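In case you want the letters, here they are:
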Amino acid sequence: MVESSALSPVPTLRTPRLVLVPLGPEHLEDVWAGLHDEESNRLTGTRTVFTREVVAAHLERIGPADDRADWAITLPDGTYVGEVVLNELDEDDRCMNVRIALVPGMPGRGYGTEAMVAVLDHAFDAVGLHRVELSVFDFNPRAQRSYQKAGFVVEGRQRDRLRWDGRWHDSILMAVLATDPRPGIARSSDDDTPPVTA
């Protein structure tokens, strides 16, 4: 059974190097900057042009939603390094989608993998999901490796799913099940328990 109460209010998750806090209006400037980064838009296949008002309204709306959880990935000093989102809740099949985006200059430090592991721990241990899935484009091997380190397995490929700069690109479906082995980057949730590395 899915515990949607574990999605709202969004809990704070802690890892050895990161603090994942509820994403909200206070992160507008950081989110807005990310939406204007050409490389981030390419990696996610984002073509939509957002207005500041739409983004602000979205950040106001997501906090109390009981079918998703949005986190700002921050360093212990509060520096914003990205966001990670569990969304598209399917209660019958105990499944959700996940997506993650880091600010430019952050890839390669392992923050994405660390944040993803914390979110997967929460998804399986607190929310009670059976499956978490995502799609990644074939021109983003760094993200694919990060997802595999977090426990994701390649399940399939959608051929020619995205046309970008005049070229076709495949989308790769990856997923992790509650029964799959997961890495041991532990986290704590809204308490003072120190994080433990396994």
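Each chain has its residues counted from 1, running along the sequence as written. Confidence filtering applies because this is a predicted model: local features only for residues at pLDDT of at least 70, side-chain atom pairs given and counted only at 80 or more, and all residues used for totals across whole chains, interfaces and linings. By convention in this description, side-chain values take in all heavy atoms of the structure and omit both hydrogens and water.

Regarding the overall build of the chain
Within the chain, the regular secondary structure consists of 5 helices and 9 strands. Each helix and strand of the chain, ordered N terminal to C terminal, gives the series β-β-α-α-α-β-β-β-α-β-α-β-β-β. When the backbone C-alpha atoms are referred to their principal axes, the chain occupies close to 50 × 35 × 35 Å. Each residue is assigned to one of three classes by its accessible area relative to the maximum for its type, calculated with a 1.4 Å probe on protein chains only: buried under 20%, partly exposed between the two thresholds, exposed over 50%. Going through the 198 residues of the chain one by one, you find that 45% of them count as buried. For the chain, the share of sequence-separated contacts (at least 6 apart) that also reach a separation of at least 24 residues comes to 63%. Using a 1.4 Å probe, accessible areas were evaluated by the Shrake-Rupley method; residue-level cover was limited to the displayed protein chains. When the accessible surface of the chain is split by element, carbon and sulfur atoms take 49% of a total near 10,400 Å². Counting 21 positive and 32 negative side-chain charges, the chain places the averaged centre of each group 8 Å from the other. A helix here means a DSSP run of H or I that spans at least four residues, while a strand means a run of E at least two residues long, and both kinds are numbered starting from the N terminus. Note on contacts: a residue pair is in contact if any heavy atoms of the two residues lie within 4.5 Å. Note on charges: Lys and Arg go in the positive column, Asp and Glu in the negative column, and His and the chain ends are not counted at all. Where a charge lies is defined by one atom per residue type: Lys uses NZ, Arg uses CZ, Asp uses CG and Glu uses CD.

Digging into the nonpolar core
Residue types Ala, Val, Leu, Ile, Met, Phe, Trp, Tyr and Cys, when buried and joined through side-chain atoms within 4.5 Å, form a set referred to as a nonpolar core. In terms of nonpolar packing, the biggest core is built from 39 residues, with V132 and F152 touching the most fellow members. Taken together, the elements giving at least two residues each to this core come down to β3 (69-74), β4 (80-90), β5 (95-102), α4 (111-127), β6 (131-137), α5 (141-149) and β8 (167-177). Counting residues per element, this core draws most heavily on α4, which supplies 10 residues. Grouped together as the second largest cluster of nonpolar side chains are 9 residues, L23, L28, L59 and A72 included.

Some points on the pairing of strand β2 (residues 19-22)
Only when DSSP finds a minimum of two bridges between them are two strands counted as paired. Inspection of the sheet shows strand β1 (residues 13-14) paired to β2 by 2 bridges, in the antiparallel sense. Looking across to β2, one finds that R14 is bridged to V19. The hairpin formed by β1 and β2 contains 4 residues between the paired strands. Of the strand pairs in this sheet, β2 and β3 are connected by 4 bridges, and their pairing is antiparallel. Pairing of L20 across the sheet is with I73, part of β3.

A few points about the pairing of β6
Here β6 lies mainly inside the structure; 5 of its 7 residues are buried. For β5 and β6, the ladder comprises 3 bridges, and the chain directions are parallel. Looking across to β6, one finds that M96 is bridged to V132. Taken together, the 7 bridges between β6 and β8 define a ladder with antiparallel strand orientation. Among the inter-strand pairings, V132 is bridged to a residue of β8, identified as V176.

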